[in-house]
Each structure stands twice: as structure tokens, then as C-alpha cells.
Amino acid sequence: EQYLREHPEFFNEHLHLLEQMRIPHPTSGNAISLISKQLELFRSRHQELESQLTELIEIARENDTSYVRMHKLTLALLDSKTVEEAVENLETVLSEYFLTDFVAIRIIKHRPEMTNSNLYIEPDSDELKPFSKELASNEPTCGHPSLTQAKILFGDSSLEVKSYAIMPMMFTELEGFLAVGSREDGRFHYSMGSLFLTQMSEIVGTRLIALLAGQ
């Protein structure tokens, strides 16, 4: 091996050897020529590179789709003039572009007078206890919600929710969380990446802070 590495021209000067050399096939055991072996290796390498390229293209396509979705989400929130309108627009965008079945937002603060909206949850409410772990970590979580969590978030639709993602919004000016649910068991899986979920919670939280400040 060392000799051939040091003398790569060897086979150029002894071409007849290429036709005489035989290498056992790894699966069948039948001998094949060195040239056939080289072609087999080149073909295998080509297929490997082609698979890698396909995977990279698919990742790029997914990133483009995520970018478009986040852009739609941002525009919908910027177009909102009130908190209630922001929630309504958010539900529409998440349903149409993110293909979610259920959406829930909870702002942790005393409910303003003259409103019956379940958007607000009292800071000392027992309903916060099932989410203590998620709120403490301040990191998005995906998986299957407990029945208690699903009831608090999605009400009468709780039994339909098979998977969900919850995104804490823990800012100085605002505390709360955004949750999305799906009827598909594996739609939001615990192994999913959290980058876009974190960005989503930051965008939603930032816009809600501005709208609440204007009320």
C-alpha cells in the first residue's frame, strides 16, 4: 500500500495488471475486476453525495417556509390595534400558515374591569400550578399535555388535543404563555427544535407589551 501511494503512476505503466486483478465482491463473494470495483465505489460515493444534497435542499426549503410563516405572523401582529385583535389575528395566522388546530394565549395579570375574556389569568390562580415547570424554565416545550393543562388551555376541546407546544413569554413588562395544539399525536414532538418557537414567543410577547401599554 505504501509503495502504491508513493508511486501512483505504477498502474499507468502496467495497464495489463488492471485487467488481471480480481477483488472479491463483499456480498456475493464473486471476484470482480479492479476497474469494476472502482466504478462500484464511485457509484456508491455519488449516491451518498446525492443524498446529502437532497437533504440540504430539503432543509433549505423548510427554512424558507418557516421564514414566510414568521413573516406572516409578524405582519398580522403589527396590523393589530388592540390586544383582542392581536389574539384574533394570531389565531388566524397559526391556523392557516402553521396548520395548528388550537391556539391559546394567557397573560398573567389581574383581569381588567369590564372584560370577561379568558385571555387573562390571575397571578395567584391555581390554574398556573400545572404550568410551573414550563414557566420556570422559560423554554418552549413540546409533547402531550396533561388533561389538566389541556382543559385550562383549550377548554371544551381538551380531549381532542393529542400534542401541543407551549411557549412561555416571561418579560419584565409581561408574563404569560402561548400554546398551540394539534389533533395529531406527533405534530408537536418533544424532540422538535425550539428556535422558531422561541422566536414566535418573542414576537408575540413584544407586540402584546406595546398594545397593553397603549390601553
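Up top is the structure.
Residues numbered from 1 in each chain as written. Predicted model: local features only at pLDDT ≥ 70, side-chain atom pairs only at ≥ 80, totals over all residues. Heavy atoms only, no water.

Caption draft 1: Representation of the nonpolar core. Counting 31 residues, the largest nonpolar core has Val83, Ile105, Ile107, Leu178, Met200 and Leu208 as the members making the most contacts within it. If you list the elements that add at least two residues to this core, you get helix H4 (34-78), helix H5 (83-96), strand E3 (102-108), strand E6 (163-170), strand E7 (175-182) and helix H8 (195-213). Take this core: its biggest share by element is seven residues, from H8. Formed by 16 residues, the second largest nonpolar core is a distinct cluster that contains Phe102, Leu135, Ala150 and Ile166. (Core = buried A, V, L, I, M, F, W, Y, C linked by side-chain atoms within 4.5 Å. Buried < 20%, exposed > 50% of the residue type's maximum accessible area, 1.4 Å probe, protein only. Helix = DSSP H or I, 4+ residues; strand = E, 2+ residues; numbered from the N terminus.)

Caption draft 2: Quick look at the sheet that holds strand E5 (residues 141-143). Read across the open sheet, the five strands follow the order E4-E3-E7-E6-E5; overall the sheet is mixed. Here the strands that pair on one side only, and so sit at the sheet edges, are strand E4 (120-121) and E5. As judged from the eight bridges shared by E6 and E7, these two strands associate in the antiparallel manner. Bridge pairing links methionine 169 to glycine 176 in E7. Sheet strands touched by helix H7 (residues 147-154): E3, E6 and E7. Its angle to E3, the strand with the most contacts, is close to 85 degrees. (Pairing = 2+ DSSP bridges. Contact = heavy atoms within 4.5 Å. Axes fitted to C-alpha atoms, helices over the stretch in contact; angles between N-to-C directions.)

Caption draft 3: Representation of the pattern of salt bridges in the model. The tally for this structure, following the rule as stated, stands at five salt bridges. Across the pair glutamate 1 and arginine 5 runs a salt bridge, and its minimum N-O distance is 3.0 Å. Relative accessible area serves as the criterion here: at 69%, glutamate 1 is assigned to the exposed category. Residue arginine 5 is classed as exposed on the basis of its relative accessible area, which comes to 61%. Note that arginine 183 and aspartate 101 form a salt bridge whose closest N and O atoms lie 3.6 Å from each other. Of the two residues, arginine 183 sits in the loop between E7 and H8 while aspartate 101 sits in the loop between H5 and E3, which places them 82 residues apart along the sequence. Classification of arginine 183 by relative accessible area gives partly exposed; the value is 46%. Beyond isolated ion pairs, a larger network of salt bridges with shared partners links Asp101, Glu160 and Arg183. (Salt bridge = Lys/Arg side-chain N within 4 Å of Asp/Glu carboxyl O.)

Geometric values such as these leave the question of function open.
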